[in-house]
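Per-entry structural report
Residue-level listing of the chains:
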Amino acid sequence: MMGTPPATPTTRSHMQLALSPRDAEFRDRMREFFTTKVPREIRDTVLEGRHLTREQIVASQRILNAEGLAVPHWPTEWGGQDWTELQRHLWHEEMQRAGVPAPLAFNASMIGPVIAHFGSEEQKQRFLPATANLDIWWSQGFSEPDAGSDLAGLRTAAVRDGDDWVVNGQKTWTTLGQHGDWIFTLVRTDPEVKKQQGISMLLIDMTTPGVEVRPIELIDGGHEVNEVWFSDVRVPGDLLVGEPGAGWTMAKFLLGNERVGVAPVGATKRALATLKATAADQLADPLVRARVAELENELLALELTALRVVAHSSDGAPHPASSVLKLRGTELQQAVSELALDLAGPASLAARAGDDSPQEGWARRSAPTYLNLRKASIYGGSNEIQRQIISRTILGL
Amino acid sequence: MDFTYDDEQQALREAVRGLLATAYADHEARRRTVAAEPGFDRALWGRLAEMGILGLPFSESDGGVGAGPVEIGIVCQELGRVLAPEPYLSGVVHAGGLVAAVGTAEQRADLLGRLSAGDLLLAAADTSPGDRWAARADGVRASVVGDGWTLDGVADPVMGGESADCFVVTAALPDGGGTGVFLVAADDVSRSGYAAADLTRAATVRFEGSTATPLGEPGRDLAPSIATISDLTRILGANQALGVLQSQLRATTDYLRSRKQFGVTLNTFQALTFRAADMYVSLELVHSMVDWATMTIAGGDRDAVAEAADRVGLQVSRSSRHIGQEAIQLHGGIGMTAEYAVGVGTAHLAVLEQWLGNGPHHLARLAGRVDDHELVDAL
Ligand SMILES: Cc1cc2nc3c(=O)[nH]c(=O)nc-3n(C[C@H](O)[C@H](O)[C@H](O)COP(=O)(O)OP(=O)(O)OC[C@H]3O[C@@H](n4cnc5c(N)ncnc54)[C@H](O)[C@@H]3O)c2cc1C
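Residues numbered from 1 in each chain as written. Chains lettered and ligands numbered in written order. Predicted model: local features only at pLDDT ≥ 70, side-chain atom pairs only at ≥ 80, totals over all residues. Heavy atoms only, no water.

This part takes up the packing of aromatic side chains. Residues and elements named next belong to chain A. Counted under the stated rule, the structure contains 12 aromatic pairs over all chains. Joined through ring pairs, the aromatic side chains of F127, W138, F142, W182 and F184 make up one cluster. Its guanidinium or amino end placed over the ring of W229, R214 lies 4.2 Å from that ring's centre, counting from NZ or CZ. (Phe/Tyr/Trp six-rings, centres within 6.5 Å; stacked < 30°, edge-to-face > 60°. Lys NZ or Arg CZ within 6 Å of the ring centre and 35° of its normal.)

Below you can see the structure in the form of structure tokens.
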């Protein structure tokens, strides 16, 4: 221990804080790429909490994809990288730190891995390269008005007609559905069996007649989610993934991946750092300093937990503690937005003022951002559902 | 970057756990031990010496084993698990650590050799009434008398001080010369022993012209070393707290599964299982922070260790309050009783925290530094 003459340094890898030289080199390579190859304007938009356009999201993902950095967790034959869990973590952290938009989750984290794992060879050829490159923008059509946390209660029906399926029903909360080219849906193909067993995964071209996207306005004034209605939508039979009735298995596979990627530690750290810099004059207030210090500490504990989780995950199976990351990660993301709102104070009232507003941009965005981020504890398996997972599967209660 | 123990560390954990299981098979054994003199199990202390556990932190040339912080942390976690009242953190980690940090080679070999062998009990007297976790002493003053030194003043609380053979005392040097560290034999002080809230033993120690031997170079200001050893003690104390917290969550989930009310077991009620899930979240977060802080020690940078001590101190405080309080609440009335480990664990957590530095103290220190970095990085 310190204070005693130093013991001979050992070179063991257990209980060791530093990155190995190989991992450190990897991290530097990621940092270099993200901060030099993705346009400044896109990264500033993210770092300042402004909205990205569809074009910016597509452009950024294509830059990553050209370098093999859009879908590293996919099988290598489809553009994935043979990385360790830690390297994937570093990739994700550095990306957030640099303000690079994460590859579109619907493509990269959700339907891509599902098709790669469960799809036919023909589906893989047809969709995976286009999905990685964001030539196809996917939407997620799972939730329905009466099927939220209890997703298996979904009612949108697909009925066989010759080789085709005919779809009727309604999806909701479809994020960025207004940009969607295709939507992956969970549909009920067999109303007779136990509810989980009658569900299938169907890929639907959103330009098909009978598909209608209707905007939903959220509390921040933004148009981020939609209702998607299906009236006698005819879908060719080869667009069903896997076997009929296997949709629930795929949904669980997909939602497990969603939970892992959903803790935005790096982005939240970045947001707090930016806030400290932009509202520097308010750091004179000891109460503000205390809130910042407390949040920084909580974020450190979370980041360390994420590192513990990646170090212990094997075969890509999520570590049980990944629910902690979702739960705490979203709470901290929300807490930082709450601090921003408090620091903005009256300036936050100018949320919908015109460009001639005398208030600073960050302060004007603070109320919408605070309101918008309430979503983080609702989607991706609500935080109550995460508590359910922890108490049942980890604590055995 | 790795958060796993190697085989030897695993074996150490098993060995310590096995030994403690014989002494403290259940909470009743701890109750008996703390009710009797000297408030801990001397036979167990002897076995810890034989196993080399008492000498773990000290180099082999000083009569110790030369293990690293991770190993000492493992021991502290295991002690925490069973709420062991042995003065390991106070006597070995803190008082022994001070001797190791500031003593001459001769002093180290003598004192740490006997400490490691279980033949000498030390306690650190570094706090006087009114002090709040400062490395600079003012309640005990050192004077040069003839060609020796004497101390005057009061130290309290002195953790583990009730049965210490010698005190390692921090005292103000003459003429504003800083803080020195002295060794004082128990015979040269007047002492009143008492039990802290968790029934571990402490003492008030009064120095009245007590003969004192300077540790290290006489008259030198040792405040920086004193601060570092306190920080190390905080981090290892955090390991001990982690052991307590793990036991508390385990006891709580066991209880929810077995206790019946309204004709069903309590785990039927989601209001309770969700609170247990939140306890788990707190536990995982503090666990990560404790591992990190412990690994930071090996880097050997004083400032990094000081920061890690504040960070882990704050996190341990938050989770001690959360888990410690919820553990009692979810047990209902039985959580309030002295015969049940859960509530006593909460008492132990409160003692550890107020001894080593509480949450508001660490938060204030961290808040003072928020603008000296852009963001906090784990790696
Ligand atoms: C901004 C936003 C974007 C979204 N994007 C998409 C998308 O792109 N595609 C998509 O398919 N879906 C999307 N969702 C839907 C999201 O997945 C659901 O909102 C979520 O599953 C919760 O369902 P619900 O809203 O119906 O709430 P409900 O399930 O009705 O829950 C209401 C409340 O009850 C709690 N609760 C529910 N069940 C339990 C239980 N068993 N125990 C304890 N508490 C419980 C919930 O946590 C919540 O607090 C989005 C949602 C939002 C808000």
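Residues and elements named next belong to chain A. Looking at the element boundaries, Q386 is found in helix α12 (residues 383-394). Accessibility expressed as a relative area gives 1% for Q386, which makes it buried. A polar contact is formed between the side chain of Q386 and the side chain of S323, at a distance of 3.1 Å. (Helix = DSSP H or I, 4+ residues; strand = E, 2+ residues; numbered from the N terminus. Buried < 20%, exposed > 50% of the residue type's maximum accessible area, 1.4 Å probe, protein only. Polar contact = N/O pair within 3.5 Å; in protein donor to acceptor, adjacent residues only side chain to side chain.)

Take the site of the ligand next. Of all residues adjacent to the ligand, which total 18 residues, the nearest are S149, W173, T175, S382 and E384 of chain A. This site is not confined to one chain, since residues near the ligand come from chains A and B. W173 of chain A is positioned such that a nitrogen or oxygen atom in its backbone is 2.7 Å from a nitrogen atom of the ligand. Note that an oxygen atom of the ligand is positioned 2.6 Å from one of the side-chain N or O atoms of S382 of chain A. Those elements that provide at least two residues to the shell around the ligand are β3 (164-175) and α12 of chain A together with α8 (270-298) of chain B. Sort the elements by how many residues they give to the shell around the ligand and β3 of chain A lands first, with 3 residues. Across the shell around the ligand, the residue classes tally to 7 nonpolar, 9 polar and 2 charged. Counting only domains with at least three residues in the shell around the ligand, you end up with domain 2 (138-244) and domain 3 (262-394) of chain A. (Near = heavy atom within 4 Å. Nonpolar A, V, L, I, M, F, W, Y, C, P; charged D, E, K, R; others polar. Domains from an automatic or database assignment.)

Right, let's talk about the confidence of the model for chain A for a bit. Averaged over chain A, the pLDDT score is 92; the fraction of residues at 70 or greater is 93%. Taken together, the stretch residues 4-12 of chain A has pLDDT below 50 and engages in 11 contacts with residues farther than four places along the chain or on a different chain. (pLDDT = per-residue confidence, 0-100. Contact = heavy atoms within 4.5 Å.)

Let us look at the pattern of salt bridges. Two side chains that carry opposite charge are able to pair once their charged atoms sit near each other. Scanning all chains against the criterion turns up 46 salt bridges over all chains. In this structure, the salt-bridge partner of E144 of chain A is K171 of chain A, at a minimum N-O distance of 2.9 Å. With E144 of chain A in the loop between β1 (138-141) and β2 (157-161) and K171 of chain A in strand β3, the pair connects residues that are 27 residues apart, well separated along the chain. Assigned by exposure class, E144 of chain A and K171 of chain A land together as buried. As a salt-bridge pair, R289 of chain A and D371 of chain B come within 2.9 Å of each other at their nearest N and O atoms. Residue R289 of chain A is located in helix α9 (residues 286-312), and its partner D371 of chain B is located in the segment after α11 (359-367); the two belong to separate chains. Given the relative accessible area of 14%, R289 of chain A is considered buried. The exposure class assigned to D371 of chain B is partly exposed, which follows from its relative accessible area of 48%. (Salt bridge = Lys/Arg side-chain N within 4 Å of Asp/Glu carboxyl O.)

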